[in-house]
Amino acid sequence: MEGQQDRVTSSVTSGPSATSSDVPSTTVYPGPFSFQVAFPPQTLKPKSKKLAWTWSQPCKMLYADFNKICPFNFKTVRPPPAGCLIRAMPVYLKHEHIGLPVKRCPTHRENDFNNADPPAHFLHCRGKAVEYREDPTTGRHSVIIPYEHPQAGTEWSTILYKFMCRSTCLNRRSMAVVFTLEDSSGGVLGRQAVKIKICSCPGRDREQDEEALLPQPAPGSKKRLMTDSKTSQKKRKKTSVSGGGGANDEEVLTVHWQIRGRKNYETLLRVKEALEVQHRCETDPQVAALLRTEDEQTDQQQPRPPTEPTPTDQTANQSTAVTRPANQSTAVTRPSNQSTSVARPASQGSVRYTLRRTVSKPKTWE
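The residue numbers shown here count from 1 along each chain, following its written sequence. For a predicted model such as this one, the threshold for reporting local features is a pLDDT of at least 70, and the threshold for listing and counting side-chain atom pairs is 80 or more; totals across whole chains, interfaces and linings nevertheless cover every residue. Note that the side-chain values use all heavy atoms of the structure and ignore hydrogens as well as water.

## Regarding the pairing of strand S9 (residues 157-163)
A regular strand places its side chains on the two faces of the sheet in alternate fashion. For S9, the buried fraction is high: five of the seven residues fall into the buried class. Examined bridge by bridge, strand S4 (residues 69-75) and S9 share six bridges and lie antiparallel to one another. Bridge assignment links Phe74 to a residue of S9, and that residue is Ser157. For two strands to count as paired, DSSP must find a minimum of two bridges between them. What counts as a helix is a DSSP run of H or I of at least four residues, what counts as a strand is a run of E of at least two, and both are numbered from the N terminus. Pairing between strand S6 (residues 123-126) and S9: four bridges, direction antiparallel. Of the residues in S9, the one forming a bridge with Leu123 is Phe163. Summary of the burial criterion: residues with accessible area below 20% of their type's maximum are buried, those above 50% are exposed, and those between are partly exposed, where the area comes from a 1.4 Å probe applied to protein chains only.

## Quick look at the nonpolar core
Residues belong to one nonpolar core when they are buried, are Ala, Val, Leu, Ile, Met, Phe, Trp, Tyr or Cys, and are joined through side-chain atoms within 4.5 Å. The biggest cluster of nonpolar side chains holds 36 residues, and the ones touching the most others in it are Phe72, Ile86, Phe122, Tyr161, Phe163 and Phe179. Elements represented by at least two residues in this core include exactly strand S3 (61-64), S4, strand S5 (85-92), S6, strand S8 (141-146), S9, strand S10 (175-182) and strand S11 (188-198). Excluding its chain neighbours within four sequence positions, the residues that come into contact with Phe179 are Phe35, Phe72, Phe74, Ile86, Arg87, Ala88, Tyr161, Gly190, Arg191, Gln192 and Val194. When checking whether two residues touch, look at their non-hydrogen atoms; a contact exists if any pair is within 4.5 Å.

## Some thoughts on a nonpolar patch on the surface
Together, Val255, Trp257, Ile259, Tyr265, Leu268 and Leu269 line one region of the surface with nonpolar side chains, adding up to about 560 Å² of accessible area. Take Val255: it is sitting in the loop between helix H4 (222-242) and helix H5 (262-283). Exposure above 30% relative accessible area and no salt bridge define the residues that can form patches, which grow by joining like charges within 9 Å and nonpolar side chains of Val, Leu, Ile, Met, Phe, Trp and Tyr within 5 Å. Accessible surface is estimated by sampling points in the Shrake-Rupley manner with a 1.4 Å probe; for residues, cover comes only from the protein chains shown. Salt bridges are identified by distance alone: a Lys or Arg side-chain nitrogen within 4 Å of an Asp or Glu carboxyl oxygen.

## Focus on the packing of aromatic side chains
Pairing of aromatic rings covers Phe, Tyr and Trp, the last counted by its six-membered ring, and requires centre-to-centre distances within 6.5 Å; plane angles under 30 degrees mean stacked, over 60 mean edge-to-face, and any other angle means tilted. According to the stated counting rule, one finds nine aromatic pairs in the structure shown. Seen from their ring centres, Phe122 and Phe163 are 5.9 Å apart, and the 50° between their planes marks the pair as tilted. Of the two residues, Phe122 sits in the loop between helix H2 (106-110) and S6 while Phe163 sits in strand S9, which places them 41 residues apart along the sequence. Residue placement shows Arg173 over the ring face of Tyr92; its charged tip is 5.2 Å from the ring centre. A ring is considered to have a charge above it if a Lys NZ or an Arg CZ atom is located within 6 Å of its centre and within 35 degrees of its normal.

Written out as structure tokens, the structure reads:
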């Protein structure tokens, strides 16, 4: 058995490194030591907004928040050789992106001032002997940490990781973290891949993705009718909150209320009548046309407000003077208890001028 184990180990060790391949493998390979990865149980509910991470068994995906600690549990069936390490390397899953190294976006990379870890690495690790490496050929980033055996009374050894960018920063590309158990010479002894989605609300995204995986009921079935009714109720709530239905809303609903007080009852009746009139005005084209015609007539008959005089008009009115011929004598008399008048000679008759104040003109003689 030991000879067979040595042959398997040597054959794996002779292969290429996990970071040097242009197309890294994401195939699960427990290896001779049955290398496994899992997540500890959570105390919070899956829909809680305070979740820093959550694992979805139906989706086989880890949902984690940005820059929040996420624990990973590792174990082997039997202890691996001394000097083994665990390498974590993020990769893209789709074929059009798998050849690209996963790095942080420029915004988070340039604004990371208070972090001692390399700012360009997408995956950070908390530990004493953590090493951040970059492959000189492919440019892939990886984090390595020595493998520690589980402590006494425990089955798993825990390593803490953090994701330093959201999936939206990386164009929503599908990603995974490939964990490899390697010996001191870089040979792969086991491999596990975990799909990840980094978002601001892990519980919400997990719920949406799990609902999308549910099988759709056949048309006309009881489950389909119940689903449709729940969907219509959600839409109705959204419509009522946003401002009511449209002009084509002809649904008739019956409300059974017990109202305390005659005054409240009459108020609700008036509100009901007003809503019915409003609905008729919106739906009946004849009533709408009649109201439109009345509004246009009202706008035409409404008098225009008086315009205020301009400074030019006031200056012109103030500069206007009453001129008389030189051979006529004009006298201005202001008797007591009488209005202001202008007296002319008797041969020309007595003409009386009064002073009046208008809105648009200043005080002038007329």
